[in-house]
Amino acid sequence: MPKLFAEVFKEVKKKHFQPIYLLHGDEPYFIDKVVDFIEENALSAADKGFNQYIIYGKDHTVPSIMSYAKRFPMMSEKQVVIVKEAQSIQGIEQKDMQAVLEGYAKNPLASTILVLASKDSVDERKAWVKAIDQSGTVMTSKKMYDNKIPDWVIEHCHESGVKISPKAVQMLVENVGNDLKRLASEIDKIVINLKIDEEINAAVVERFVGISKEYNYFEFQKALIQRDVLKANQIVQFFASNPKDNPLPPMILLMYNFFSKVLLAHTHSDKTDKGLASFLGINPFFAKDYVQTIRNYNLPKVIQIIHDIKQIELQAKGIESSSSSDGDKLKELTFRILH
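So, a few notes on the structure that sits alongside this text. Quick caveat: nothing in here was measured; it's all calculated off a predicted structure. (Residues numbered from 1 in each chain as written. Predicted model: local features only at pLDDT ≥ 70, side-chain atom pairs only at ≥ 80, totals over all residues. Heavy atoms only, no water.)

What to know about the pairing of strand β4 (residues 112–118)
Phase 1 of the analysis: Within β4, 7 of the 7 residues are buried, which leaves the element mostly enclosed by the surrounding structure.
Phase 2 of the analysis: A two-sided burial pattern is seen for β4, the buried positions comprising T112, L114, L116 and S118 on one face and I113, V115 and A117 on the other.
Phase 3 of the analysis: For strand β1 (residues 20–25) and β4, the ladder comprises 5 bridges, and the chain directions are parallel. What sits directly across from L23, in β4, is A117.
Phase 4 of the analysis: Of the strand pairs in this sheet, strand β3 (residues 79–84) and β4 are connected by 5 bridges, and their pairing is parallel. Across the sheet, residue Q79 finds its bridge partner in β4, namely T112.
Phase 5 of the analysis: Each parallel crossover has a hand, and the one from β3 via helix α5 (residues 95–106) to β4 is right-handed. (Buried < 20%, exposed > 50% of the residue type's maximum accessible area, 1.4 Å probe, protein only. Helix = DSSP H or I, 4+ residues; strand = E, 2+ residues; numbered from the N terminus. Pairing = 2+ DSSP bridges. Right-handed = clockwise from strand over helix to strand, strands pointing away.)

As for the sheet that holds β1
Phase 1 of the analysis: Within the open sheet, the 5 strands sit side by side as β2-β3-β4-β1-β5. Their pairing is parallel. Each edge of the open sheet carries a strand with a single partner, namely β2 (52–56) and β5 (137–141). Looking at each pair of strands side by side, their axes are set apart by 10° on average, direction ignored.
Phase 2 of the analysis: Lying over the sheet, helix α1 (residues 5–13) contacts β1 and β5, oriented at roughly 135° with respect to β5. (Axes fitted to C-alpha atoms, helices over the stretch in contact; angles between N-to-C directions. Contact = heavy atoms within 4.5 Å.)

Some details on a nonpolar patch on the surface
Phase 1 of the analysis: Where nonpolar side chains cluster on the molecular surface, the patch consists of F50, M74 and M75 and spans about 380 Å² of accessible area.
Phase 2 of the analysis: By the element assignment, F50 lies in helix α3 (residues 45–51). (Patch = residues over 30% accessible without salt bridge, like charges linked within 9 Å, V, L, I, M, F, W, Y side chains within 5 Å. Areas by Shrake-Rupley, 256 points an atom, 1.4 Å probe, with all protein chains shown as cover. Salt bridge = Lys/Arg side-chain N within 4 Å of Asp/Glu carboxyl O.)

A word on the packing of helix α11 (residues 217–226) against helix α12 (residues 229–241)
Phase 1 of the analysis: Taken N-terminus to C-terminus, the directions of α11 and α12 make an angle of 145°; their axes are 8 Å apart at the nearest point. For the pair α11 and α12, the crossing hand works out as left-handed. Contact with α11, carried on its side by Y217, E219, F220, A223 and L224, involves K231, A232, I235, V236 and F239 of α12 and no other residues of that element. (Left-handed = near helix turned anticlockwise from the far one by under 90°.)

Re the nonpolar core
Phase 1 of the analysis: I38, V153, L172, I190, I200 and V205 are the most contacted members of the largest nonpolar core, which totals 47 residues.
Phase 2 of the analysis: A per-element tally of this core places helix α2 (residues 28–41) first, with 7 residues.
Phase 3 of the analysis: Excluding residues within four positions of it along the chain, I200 makes contact with C157, V162, K163, I164, S165, A168, I190, V191, L194 and V205.
Phase 4 of the analysis: Residues M251, I252, F286 and V302 belong to the second largest nonpolar core, which totals 36 residues. (Core = buried A, V, L, I, M, F, W, Y, C linked by side-chain atoms within 4.5 Å.)

Examining the side chain of T137
Phase 1 of the analysis: Within the secondary structure, T137 is located in strand β5.
Phase 2 of the analysis: On the basis of relative accessibility, which here comes to 1%, the residue T137 falls in the buried class.
Phase 3 of the analysis: Beyond its immediate chain neighbours, meaning those up to four positions away, T137 contacts K3, V8, E11, Q18, I20, Y21, L22 and I132.

Concerning the packing of aromatic side chains
Geometry of an aromatic ring pair is reported as the spacing of the ring centres plus the angle between the planes.
Phase 1 of the analysis: Tallying each qualifying case throughout the model produces 12 aromatic pairs.
Phase 2 of the analysis: Note on F259 and Y297: the rings are 5.9 Å apart at their centroids and 80° apart in plane angle, and the pair reads as edge-to-face. Of this pair, F259 sits in helix α13 (residues 248–267) while Y297 sits in the loop between α15 (284–296) and α16 (299–316), and the two are 38 residues apart along the sequence.
Phase 3 of the analysis: Judged by relative accessible area, F259 falls into the buried class, the value being 2%.
Phase 4 of the analysis: Taking NZ or CZ as reference, R71 lies 5.3 Å from the ring centre of Y53, over its face.
Phase 5 of the analysis: A cation over an aromatic ring shows up here: R227 above the ring of Y297, its NZ or CZ 4.4 Å from the ring centre. (Phe/Tyr/Trp six-rings, centres within 6.5 Å; stacked < 30°, edge-to-face > 60°. Lys NZ or Arg CZ within 6 Å of the ring centre and 35° of its normal.)

Right, dumping it as structure tokens:
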């Protein structure tokens, strides 16, 4: 049975290594995490020189990879063969080459740890994949749903031994996006610079992630929630003047996601902080934003806002014609939302 990251990483951290791994899927962060751990910890520093091979799929055929896997280690109990970008192995789609892989997977060399790391999803019904699953480990690395990313940020911080405030979580997710590798990098950069027992709060994120204290998406959304016309227009003007640092497409997506949840909040009978947090599946800290928004924007207005966001999105993608700049599009959308 294919496994998910948490189970596989728990096993390798205990140094319970399998003779063969297939790590595949559309979320590279989890694949890289397992590969990096095996690369760094499966062998001692002294053994790595003669017994660890890091190769790339595009440079090899299945038989050449098998020649690495079937070698015996030199003066060591184990050898490690890591095949990165395994989706590009020459001939990997051919049935005869898959049969070679299947044959090895059915009887892998006990002294070899062979890792096939594919950044594409593999058909787990294939015979060679099932053979790996029987004698080793198949890990499916799936993209994380956007609503799960804040919890992942909190967990990553916890693993790093630091606390993070809800506002800081939101600022990281909204300004960095859903790229887990980049999020982890930003968090790790912050952790290195923290003082002992210091929490990651909004000010810390602003300082180390390079987010403007006054002009960022978090403050823009806050201005929209409060219907603060002056503040919202000041921020939009800043965004328009700095388009490279504030691209329109991710901003449209964030606005669409937020107002879509506001639309759902309007339909729910329990409009308290606790009721909306449970209904929307969000941290209770953020529920007050939705409570305030449904007070300031009635249901017909929210429906109109979502329509306007979709229209601007189509213009940004070039599906609907528009000669205006991205900055002007955002100004127009902001005007429609606030008026």
